[in-house]
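Chain by chain, the residues run as shown.
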Amino acid sequence: MTALAKATGDVVLKFEPFVLHVLCQELQDAQLLHSVAIDSGFRNSGITVGRGGKIMMAVRSTHCLEVPLSHKGKLMVSEEYIEFLIHVANRKMEEN
C-alpha cells in the first residue's frame, strides 16, 4: 500500500504462470509430452516447429492474473480488494 501511495502512473498487479520450454528431438516426443501436459491441467501448452526443424514443446498453465490498481497515480480499488487479489495470486502460485 505504501508503494501504491507513492505511484504517479499506472500500477497493475500481474501474476504470470509457470512456463517450461522443452526442446524435443522428435515430433512424437513433443506430442507425448503435450498430451501429458494437457492431461495434467496445463491447458495453454503447445508445440512449435521452427523453420530449421527445431521442435519446441511449451508447458504452460492457465493461472494468470492481471488487474489494474491505479491510473495516473489515483488508486482505483479499495485496500480490501487489493488484499483479496493478493490472496488470489498466492493461491495461484500454490496451484502453479
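Residues numbered from 1 in each chain as written. Predicted model: local features only at pLDDT ≥ 70, side-chain atom pairs only at ≥ 80, totals over all residues. Heavy atoms only, no water.

The protein chain appears in an unreviewed UniProt entry as tRNA wybutosine-synthesizing protein 3 homolog from Cariama cristata. For the protein chain, the Pathway (unreviewed entry) comment in UniProt is given as "tRNA modification; wybutosine-tRNA(Phe) biosynthesis." Database annotation for the protein chain, UniProt heading Function (unreviewed entry): "Probable S-adenosyl-L-methionine-dependent methyltransferase that acts as a component of the wybutosine biosynthesis pathway. Wybutosine is a hyper modified guanosine with a tricyclic base found at the 3'-position adjacent to the anticodon of eukaryotic phenylalanine tRNA." (UniProt positions renumbered as here; feature names shortened; annotations may be inferred.)

Trainee: Would you explain helix α2 (residues 27–39) in this entry?
Mentor: Over its 13 residues, α2 extends 18 Å from the first C-alpha to the last, a length consistent with the 18 Å expected when each residue adds 1.5 Å. Gly-41 sits one or two residues past α2 and shows a positive phi near 100°. (Helix = DSSP H or I, 4+ residues; strand = E, 2+ residues; numbered from the N terminus. Expected span 1.5 Å × (residues − 1).)

Trainee: Is there a simple way to explain the nonpolar core in this structure?
Mentor: Nonpolar side chains in soluble globular proteins tend to end up buried together. Core analysis: the largest hydrophobic core is formed by ten residues, namely Leu-4, Phe-15, Leu-65, Val-67, Leu-69, Val-77, Ile-82, Leu-85, Val-88 and Ala-89. Within the residue set of this core, elements represented by two or more residues are β5 (65–71) and α3 (79–95). When residues in this core are grouped by element, the largest group, four residues, is from α3. Once residues within four sequence positions are removed from consideration, Leu-69 is found in contact with Leu-4, Val-11, Val-12, Leu-13, Lys-74, Leu-75, Met-76, Val-77, Ile-82 and Leu-85. Grouped together as the second largest cluster of nonpolar side chains are six residues, Ala-30, Ile-55, Met-57 and Val-59 included. (Core = buried A, V, L, I, M, F, W, Y, C linked by side-chain atoms within 4.5 Å. Buried < 20%, exposed > 50% of the residue type's maximum accessible area, 1.4 Å probe, protein only. Contact = heavy atoms within 4.5 Å.)

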